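Understanding the architecture of this molecule
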Amino acid sequence: MQSDNKKVMLIDDNEIDLKINAKLISITKLFEEIIICQSAEEALDYLSRNMNDDDKLPNFILLDIQMPEMDGFEFLEQYKKFSTALTDKCPVAMLSSTLDFGDTQRAEANPYVIKLLKKPLSPKELAELI
Amino acid sequence: MKTPSVRVLYIDDEENNLEAFKASFRRQYEIYTAISAADGLKILQSVNVQVVIADQKMPNTTGVEFFKSITETFPDPIRILLTGYTDIEALADAINHGHIYRYITKPWNDLELHNSIKNAYDAYKAKIDLRNKVAELEKTNDELNRFIYSISHELRAPLVSVIGIVSLVKMEGLYNSSGEYWSLIETCSNKLDYYIQKTLQYYKNNKTVTDESPVDFKKLISELIDVYSYTDKDTRFTVNVDQKVDFKGDLFRIEVILGNLISNAIKYQKAAELNKKVNIDVEVSKELAQISISDNGMGILNEHLEKIFTQFFKSKVHHGSGLGLFIVKEALNKIEGRISVSSDLNHGTTFKITIPNAK
């Protein structure tokens, strides 16, 4: 495993999915540390708080689409306002159970999203991405 | 039976006519009268009138001019024009510009006018009923769209969590810890997920308007094989795509069609077969794409061949949903494609499809 895949940030409003995905990542050891955020706001808050602290910043973000108040696409609108120093080092993959054609196309069109992963998260697919 | 209360407005500059009209029809209808177009308009603004009768020859504003002036503000009431025998020009004008329902000559015949009012009211009612029906249908349509969206999100999300838990159980080596219970949960969850996906495909196929986007068959087919051979890695695919010209078509439906056929080709293999094969050939011309998908699987009984495209037809083996090929056929109908099938029991099945190139 590459040494720069240290921290992953999971953003999801669904506690059960957070639990499942965190467990799955810890079993597969794809990342050393997991930052769990229960909302897009919480994630943005974390990123701005630790903007200058490389040790605390994630190297990868797994982002849910449907979340109350701020959804995944709205998060991305805010995410792109961070410095490229941060965003370049931290690619985003969306993770959703959506079958909606519109969601898929919007995710593909977003420059910050490297892939739309379908739930349930497959360790193999995740490994291929990082 | 008592006739429903029909509100009729009669506009005429001759007081005598208004009185005579009232006297003749007051028992059948709710009558409003006006001595000029301007007065008539005031009544229209305050009363919900269903039938308007106007005399053609009035000072200031003629009957046709009046009707013309209210086409936008009061489009619903049905119009009847009263005029003298010789007024051909007024008649032509009325038909062309005034949205006139009937033309009645003066002096009127009570029975004829009565029938005209009755028919006009029926026309009014039909118009309003149709509008209500359209509004109702639009509402239903809207609800169906929201229903489809909520199936694809709210209903599926927890199910996908369950499938995720089962894969965790596998990773932690607990899959066989409770007899066959975990594998039963997995089978049921996958089946439910499959039904949800097929149901969505069916509704989307019915509702979405056809679109035209470029299709790269080589790329599309290899993606679909990746998706569907995920659970079954034994089947060997041989894909030949001859696409020298651009192809434009309905990407969503083509994906649905090929996806279902590829998934069937994998699903209906013989369990004992060591050399499971699927051949896919695509030939694209300026006019159409010809696609053939053949497998060496279990094949289809001759007497079943006719029925496989009907909704809810399922074979006894491999309990499908009875929706896959039905959806294929429906999707092909929408994009004017064709499908044919030939099969040898125990030797395999070949589906041939043609899809017109929209380019």
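Conventions adopted
- Residues numbered from 1 in each chain as written.
- Chains lettered and ligands numbered in written order.
- Predicted model: local features only at pLDDT ≥ 70, side-chain atom pairs only at ≥ 80, totals over all residues.
- Heavy atoms only, no water.
- Contact = heavy atoms within 4.5 Å.
- Buried area = accessible area lost by both parts, 1.4 Å probe.
- Salt bridge = Lys/Arg side-chain N within 4 Å of Asp/Glu carboxyl O.
- Polar contact = N/O pair within 3.5 Å; in protein donor to acceptor, adjacent residues only side chain to side chain.
- Buried < 20%, exposed > 50% of the residue type's maximum accessible area, 1.4 Å probe, protein only.
- Helix = DSSP H or I, 4+ residues; strand = E, 2+ residues; numbered from the N terminus.
- Pairing = 2+ DSSP bridges.
- Right-handed = clockwise from strand over helix to strand, strands pointing away.
- UniProt positions renumbered as here; feature names shortened; annotations may be inferred.
- Domains from an automatic or database assignment.
- Core = buried A, V, L, I, M, F, W, Y, C linked by side-chain atoms within 4.5 Å.
- Expected span 1.5 Å × (residues − 1).
- Bend = angle between axes of the 7 residues up to and from the residue.
- Lys, Arg positive; Asp, Glu negative; His and termini not counted.
- Axes fitted to C-alpha atoms, helices over the stretch in contact; angles between N-to-C directions.
- Parallel < 35°, antiparallel > 145°, perpendicular 65-115°, else oblique.
- Nonpolar A, V, L, I, M, F, W, Y, C, P; charged D, E, K, R; others polar.
- Disulfide = S-S within 2.5 Å.

This brings us to the interface of chain A and chain B. Contact with chain A, which involves 20 residues of that partner, is made by 18 residues of chain B. When the two sides are added together, the surface that chain A and chain B hide from each other amounts to roughly 1700 Å², 66% of it contributed by carbon and sulfur. Of all residues in chain A, A:Ile20, A:Ser97 and A:Leu99 give up the largest surface area on contact with chain B, accounting jointly for 33% of the area buried on that side. Of the charged contacts, one joins B:Glu172 and A:Lys23 as a salt bridge, the two residues approaching to 3.8 Å between their closest N and O atoms. Our enumeration of links across chain A and chain B arrives at two residue pairs in polar contact (both at pLDDT 80 or more).

Moving on, we come to the pairing of strand 1 (residues 7-11) of chain A. Residue and element names in this part refer to chain A. Most of strand 1 is tucked away, with five of its five residues classed as buried. Here strand 1 shows a buried face lined by Lys-7, Met-9 and Ile-11 and a second buried face lined by Val-8 and Leu-10. The sheet contact formed by strand 1 and strand 2 (residues 33-37) spans five bridges and is parallel. Following the sheet pairing, Lys-7 is matched in strand 2 by Glu-33. For the handedness criterion, the β-α-β arrangement of strand 1, helix 1 (residues 15-28) and strand 2 is classed as right-handed. Bridge analysis of strand 1 against strand 3 (residues 60-63) gives four bridges, and the strand direction is parallel. In the strand pairing of strand 3, Ile-11 is matched with Leu-63.

Further remarks concern the UniProt feature "modified residue: 4-aspartylphosphate" (unreviewed entry) in chain A. Residue and element names in this part refer to chain A. Per the UniProt record, "modified residue: 4-aspartylphosphate" (unreviewed entry) is found at Asp-64. Mapped onto the elements, Asp-64 comes out in the loop between strand 3 and helix 3 (72-79). Residues contacting Asp-64, with those up to four places away along its chain left out, are Ile-11, Asp-12, Asp-13, Gly-72, Leu-95, Ser-96 and Lys-119.

Residues A:Lys119 and A:Pro120 are joined by a peptide bond in cis, for which omega reads 0°. Locating A:Pro120 in the fold gives a position in the loop between strand 5 (113-118) and helix 6 (123-129). Cis geometry is adopted by the peptide bond preceding B:Pro107, which originates at B:Lys106 and carries an omega value of -5°. Here B:Pro107 is to be found in the loop between strand 5 (100-105) and helix 5 (110-171).

All right, on to the domain arrangement of chain B then. Each assigned domain of chain B is listed with its residue range as follows: domain 1 (7-108) and domain 2 (209-359). Its C-alpha centre places domain 1 of chain B at a distance of 65 Å from the equivalent point of domain 2 of chain B.

Ranked by internal contacts, the top residues of the largest apolar core, which has 35 residues, are B:Phe217 and B:Leu258. Elements represented by at least two residues in this core include exactly helix 7 (217-228), helix 8 (251-267), strand 9 (277-284), strand 10 (288-295), helix 9 (324-334) and strand 12 (348-356) of chain B. It is helix 8 of chain B that contributes the most residues to this core, seven residues altogether. Contact partners of B:Leu258, with chain neighbours within four places excluded, come to B:Phe217, B:Leu220, B:Ile221, B:Leu224, B:Ile291, B:Ile293 and B:Ile353. Counting 27 residues, the second largest nonpolar core, distinct from the first, contains A:Met9, A:Ile35, A:Leu57 and A:Met67.

Turning our attention to the pattern of salt bridges. All names here are of chain A. Inspection of every chain in the model, using the stated rule, returns 23 salt bridges over all chains. Put simply, Arg-49 and Asp-45 hold a salt bridge, and the shortest N to O gap is 3.7 Å. You can see Arg-49 and its partner Asp-45 sitting in helix 2 (residues 40-49), four residues apart, about one turn around the helix. With relative accessibility at 59%, the residue Arg-49 sits in the exposed group. Taking relative accessible area as the criterion, Asp-45 reaches 43% and is therefore assigned partly exposed. For the salt bridge of Asp-64 with Lys-119, the shortest nitrogen-to-oxygen distance reads 3.7 Å. Residue Asp-64 is located in the loop between strand 3 and helix 3, and its partner Lys-119 is located in the loop between strand 5 and helix 6; the two are separated by 55 residues in the primary sequence. On the accessibility criterion, Lys-119 (8% relative accessible area) is buried. Salt bridges linked by common partners bring Asp-12, Asp-17, Asp-64 and Lys-119 together as one network.

Below, the discussion takes up helix 5 of chain B. Turn by turn, an α-helix covers 3.6 residues, leaving residues three or four places apart pointing in a common direction. Residue and element names in this part refer to chain B. The first and last C-alpha atoms of helix 5 sit 90 Å apart over 62 residues, in line with the 92 Å expected at 1.5 Å per residue. In helix 5, a bend of some 45° at Arg-156 exceeds every other bend along the element, and Pro-158, a proline, comes one to four places later. Capping the start of helix 5, Asn-109 holds a side-chain oxygen 2.8 Å from the backbone nitrogen of Leu-111, two or three residues further along. Positive backbone phi, at 70°, marks Gly-173, one or two positions downstream of helix 5.

Residue and element names in this part refer to chain B. By secondary structure assignment, the location of Asp-295 is in strand 10. It is Lys-270 that comes nearest to the buried, bridge-free Asp-295 among opposite-charge side chains, at 7.9 Å. One polar contact links the side chain of Asp-295 to the main-chain amide nitrogen of Gly-297, over a distance of 2.8 Å.

Next up on the list: the packing of helix 1 (residues 15-25) of chain B against helix 5 of chain B. Residues and elements named next belong to chain B. Contact pair helix 1 / helix 5: the axes reach a minimum separation of 11 Å and the direction vectors enclose 75°. Relative to helix 5, the element helix 1 lies roughly perpendicular. Of helix 5, the residues touching helix 1 (which contributes Phe-21, Ser-24 and Phe-25) are Asp-110, Leu-113, His-114 and Ile-117. Its residues assigned to classes, the contact of helix 1 with helix 5 comprises four nonpolar, two polar and one charged.

Scanning all chains against the criterion turns up zero disulfides over all chains. There is no disulfide at A:Cys37, and the cysteine sulfur nearest it, in A:Cys90, is 11 Å away.

Tracing the sequence through the fold places A:Pro111 in the loop between helix 5 (101-109) and strand 5. Sequence separation of A:Pro111 and A:Leu76 is 35 residues, and the distance between their C-alpha atoms is 9.6 Å.

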